[in-house]
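Listed below, chain by chain, are the residues.
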Amino acid sequence: MELRQLQYFVAVVEEAGFTRAAARLHVAQPGISAQIRQLERELGQPLLDRSGRTVTPTEAGAALLPYARTALAAVEGARQVVDEFSGLLRGRVTIGVVSGAAVHEFDLAAALAAFHEQHPRIEVTLTEDSSERMLAALQDGSLDIALVGLADEEPPAGVCLQVLIDEPLVAAVAPDDALLADDSLGPDRSARRGGTLDTAVSPLTDAGGTGLRLEALRDRPLISLPRGTGTRRVLERACARAGFRPRVVFEAADPRFLAQLAARGLGVAAVPRIPEHLASALGLRVLTFAEPQPRARIALAWRTTGPTGPAAGALLNRLRTGLGTVDAASSAHAAEAASGARGGTSVRNREAVVHRPN
């Protein structure tokens, strides 16, 4: 068994095909096929299922995959340790981000550019995906680092989290929405003037008149982030606790677009807190939810065992420092979210790191 064979095997699995794996490794496809066939003969088991439109690992291949990744990471780590003596790191780091967060909430491009300038021989691979899939990818080793939305208070097994954004979810509606009708708001009309509904008394608010009850959204057309995102899971769970299933009629990955749909009267947008200037510009009315408030959280995530090598460790340190300085006031459009049972205002938790062992 040769390291080159393991490298080819891992690449084919990750790329789901020989052609893409060959392009990634800059080698000829026949060479990859021949080396993997030789590895299969040596092990006495087929490692790849080639019968479908995409190549997938067999049961034996899936069992081999984590060991192959570990072996390759160990060799790469050995090279990098030696490189550290000359002050030059090299290697490959894979990072995943929730849709929208890289652009709207964090200057991730600037962080990566500064990192590349300092470590020009480290190759960084960036991808966007749902939080559920990225957390699974962290666990199986196909991602080194991820910016994810949180749907649970506790992290998945084997994952560490640094919470970067913690915002309440709100209901954003057009000025003529039924939730803002005179008989719904009671004597306080602040929401009709563009303010947040925080003191109105109505059948739709809680006993203290301090927020909109989830029951008010029953049978209403809702606008939300897609399935698999933290915010969507939080919305579904909150509605389930209120005794109904949300009727989502529009979904998109960009919370700003969701706010624009709500401003056109197409439904109630359940989104992270919207800055007053943006709500005013769109003509939106923003209603807070009653306690317990659903919350939107984004976190930097990595494996509990730590990065696989110095390259990933260097990037993780850079992101933990750089992204941890994000101001909570700029996080109103967090693209992924989740909830705690906590109420209150937005929170920036730069130092909070949550660990859960394997």
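Scroll up for the structure.
Residues numbered from 1 in each chain as written. Predicted model: local features only at pLDDT ≥ 70, side-chain atom pairs only at ≥ 80, totals over all residues. Heavy atoms only, no water.

Trainee: Help me out: how do you make sense of a nonpolar patch on the surface in this one?
Mentor: Residues Val249, Phe250 and Leu266 make up a contiguous nonpolar surface patch of about 220 Å² in total accessible area. Secondary-structure assignment places phenylalanine 250 in strand β9 (residues 247–251). (Patch = residues over 30% accessible without salt bridge, like charges linked within 9 Å, V, L, I, M, F, W, Y side chains within 5 Å. Areas by Shrake-Rupley, 256 points an atom, 1.4 Å probe, with all protein chains shown as cover. Salt bridge = Lys/Arg side-chain N within 4 Å of Asp/Glu carboxyl O. Helix = DSSP H or I, 4+ residues; strand = E, 2+ residues; numbered from the N terminus.)

Trainee: Where do I start with the layout of surface pockets in this structure?
Mentor: In this approach the atoms are scanned with a rolling probe the size of a water molecule, which exposes any empty space left behind. In this structure, the largest pocket encloses a volume near 1500 Å³. Residue assignment for the lining of the largest pocket shows that the elements contributing at least two residues are α1 (3–15), α2 (18–25), α4 (59–84), β3 (90–97), β4 (121–128), α7 (131–140) and α12 (310–322). The dominant element in the lining of the largest pocket, judged by the number of residues it contributes, is α4, at 11 residues. Of the residues in the lining of the largest pocket, the class split is 15 nonpolar, 14 polar and 14 charged. (1 Å grid on protein atoms, 1.4 Å probe; cavity = no way out; pocket = protein on both sides within 12 Å on 5 of 7 lines; lining within 4 Å. Points joined across faces, edges and corners; volume = space filled by probe spheres on them. Nonpolar A, V, L, I, M, F, W, Y, C, P; charged D, E, K, R; others polar.)

Trainee: What is the right way to look at the pattern of salt bridges in this model?
Mentor: Any two side chains of opposite charge can pair, so long as their charged atoms come close to each other. Evaluated as defined, the whole model comprises 15 salt bridges. Among the salt bridges present, the one from arginine 50 reaches glutamate 40, with a minimum N-O distance of 3.2 Å. Taken as a pair, arginine 50 in the loop between β1 (48–49) and β2 (56–57) and glutamate 40 in helix α3 (residues 29–43) lie far apart in primary sequence, 10 residues in all. Its relative accessible area of 37% is what places arginine 50 among the partly exposed residues. (Buried < 20%, exposed > 50% of the residue type's maximum accessible area, 1.4 Å probe, protein only.)

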